[in-house]
Amino acid sequence: MRVFVTGASGFIGSAVVPELLAAGHEVVGLARSDTAAAALEGAGAQIQRGSLDDPDSLRAGAAASDGVIHLAFKHDFSDFAGALRSDQGAIAALGEALAGTGRPLVIASGILGAAPGQVVTEQDVADPAVNPRAGSAAQTLALAGQGVRPSVVRLSPTVHDLGDPGFIRTLVEVARRRGASAYIGDGQNRWPAVHRQDAARLFRLALEAAPAGAVLHGVAEEGIATRDIAQAIGRHLGLPVVSVAPEDAPAHFGWLGHFFGVDAPASNRWTRETLAWEPTHRPLMDDLERGDYFRP
């Protein structure tokens, strides 16, 4: 297949591209900058210049493809509403180009907030009031009625590997700045996790074989207590491990305080059974013990 990938030079995309190429697919990556274009060319991908705010480039890339994987998202928490509008505009452009073709569109979404307080399954419908990106997921799944084969990969909050710029890296930076590694309340709330390489394989399998309208879980570990994560960070940094009251979490953690106290265990059973996907890479705590997260 000729696959158009947005976010192809990002943390997850840079694993998805070689996964697709190794399986015999041709990859065209959306590149907003010369740096991104050079990285994609070095990985063996072709280039489509453009951005999420350039619907013509998105339509052109999708129209010339046999399928699309949409990974790009503006992780700007100072204007999250704007990021959501940009994402939904991009999905609309991609869907317009794919309408009536039966070709796949796979997007990345998140598990946090999908069904607070219970083990989330693929059949649970996320509430946009709790999970803001649920609107983009619903928009994508609705394209099944327009002759597209859409699917949504809901990712764990921790997609971990060397070079991870996400939540765990932020927790390490907060601990360094505060002089203590913290968890919220009793720290028994759980976060699922998945290794980046396992997530990349899931995106490929979804592109190739996910049923129209499928919601898939990029989850290798159902739930890890946030206190255990904080303890590992404290041990490696030589810092005390402390509890922060829920009402003090935003002041301590900044924007991450909204997420770190969420209890979000998630199942991957239906995903594994449907796509024969079996995570095989290191679990999160092993990645923490390797020490990569604690190097500058």
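Residues numbered from 1 in each chain as written. Predicted model: local features only at pLDDT ≥ 70, side-chain atom pairs only at ≥ 80, totals over all residues. Heavy atoms only, no water.

Take the overall build of the protein next. Each helix and strand counted, the protein has twelve helices and twelve strands in total. Since a compact globule built from 296 residues should have a radius of gyration of about 19 Å, the 19 Å found for the protein is in line with a globular shape. If you line up the protein on its principal axes, its C-alpha atoms span 55 × 40 × 35 Å. Within the protein, the fraction of its 296 residues that count as buried is 53%. (Helix = DSSP H or I, 4+ residues; strand = E, 2+ residues; numbered from the N terminus. Rg over C-alpha atoms; globule rule 2.2 N^0.38 Å. Buried < 20%, exposed > 50% of the residue type's maximum accessible area, 1.4 Å probe, protein only.)

Enumeration over the complete set of coordinates arrives at seven aromatic pairs. Residues Phe167 and Trp191 carry aromatic rings whose centres are separated by 5.4 Å and whose planes lie at 40° to one another, so their mutual orientation is tilted. Of this pair, Phe167 sits in helix α6 (residues 167-178) while Trp191 sits in strand β9 (residues 190-195), and the two are 24 residues apart along the sequence. Residue Trp191 is classed as buried on the basis of its relative accessible area of 0%. With centroids separated by 6.2 Å and ring planes inclined at 70°, the aromatic side chains of Trp255 and Phe259 adopt a geometry described as edge-to-face. (Phe/Tyr/Trp six-rings, centres within 6.5 Å; stacked < 30°, edge-to-face > 60°.)

Moving on, we come to the nonpolar core. Counting residues in each nonpolar core, the largest one holds 35 residues, and the members touching the most others are Ile69 and Phe203. A total of seven residues in this core trace back to one element, the largest contributor, which is helix α7 (residues 196-209). Leaving out residues up to four positions away in the same chain, Ile69 has contacts with Val3, Phe4, Val5, Thr6, Val16, Leu20, Val106, Phe203 and Leu207. Within the second largest apolar cluster, 28 residues are counted, among which are Leu171, Ala175, Ile184 and Phe253. (Core = buried A, V, L, I, M, F, W, Y, C linked by side-chain atoms within 4.5 Å. Contact = heavy atoms within 4.5 Å.)

A separate point is the pattern of salt bridges. Summed over the entire model, instances satisfying the criterion amount to 18 salt bridges. Note that Asp161 and Arg282 form a salt bridge whose closest N and O atoms lie 3.4 Å from each other. Here the residue Asp161 occupies a position in the loop between β7 (158-160) and α6, and Arg282 occupies one in the loop between α11 (269-275) and α12 (284-290), the gap between them amounting to 121 residues. For Arg282, a relative accessible area of 28% puts it in the partly exposed group. In this structure, a network of salt bridges that share partners links the residues Asp161, Arg196, Arg282, Asp287, Arg290, Asp292 and Arg295. (Salt bridge = Lys/Arg side-chain N within 4 Å of Asp/Glu carboxyl O.)

If you walk across this open sheet you meet the seven strands as β3-β2-β1-β4-β5-β6-β10, and the pairing is parallel. Two strands close off the open sheet at either side, each with one partner strand: β3 (46-49) and β10 (214-218). The average angle at which neighbouring strand axes cross in this sheet is 25°, direction not considered. Pairing of strand β4 (residues 67-70) with strand β5 (residues 104-110), which is carried by three bridges, proceeds in the parallel orientation. Opposite Val68, over in β5, you have Leu105 as the bridge partner. Lying on the sheet, helix α4 (residues 80-98) is in contact with β1 (2-6), β4 and β5; it crosses β4 at an angle near 175°. With respect to the sheet, helix α5 (residues 134-141) is in contact with β5, β6 (149-155) and β10, its orientation differing from that of β6 by roughly 155°. (Pairing = 2+ DSSP bridges. Axes fitted to C-alpha atoms, helices over the stretch in contact; angles between N-to-C directions.)

A few words now on unusual backbone geometry. In terms of backbone geometry, most residues other than glycine have negative phi values and most peptide bonds are trans. The backbone phi angle of Ala276 is positive, close to 55°, even though this residue is not glycine. Tracing the backbone through its elements, the reader meets Ala276 in the loop between α11 and α12. For Ala276, a relative accessible area of 65% puts it in the exposed group.

The next subject is the packing of helix α3 (residues 55-63) against α4. Contact geometry of α3 with α4 gives a least axis separation of 8 Å together with a crossing angle of 35°. Between α3 and α4 the crossing geometry is right-handed. Contacts from Pro55, Leu58, Arg59, Ala62 and Ala63 in α3 reach Ala90, Ala93, Leu94, Glu96, Ala97 and Leu98 in α4. Partitioning the contact of α3 with α4 into residue classes produces nine nonpolar, no polar and two charged. (Left-handed = near helix turned anticlockwise from the far one by under 90°. Nonpolar A, V, L, I, M, F, W, Y, C, P; charged D, E, K, R; others polar.)

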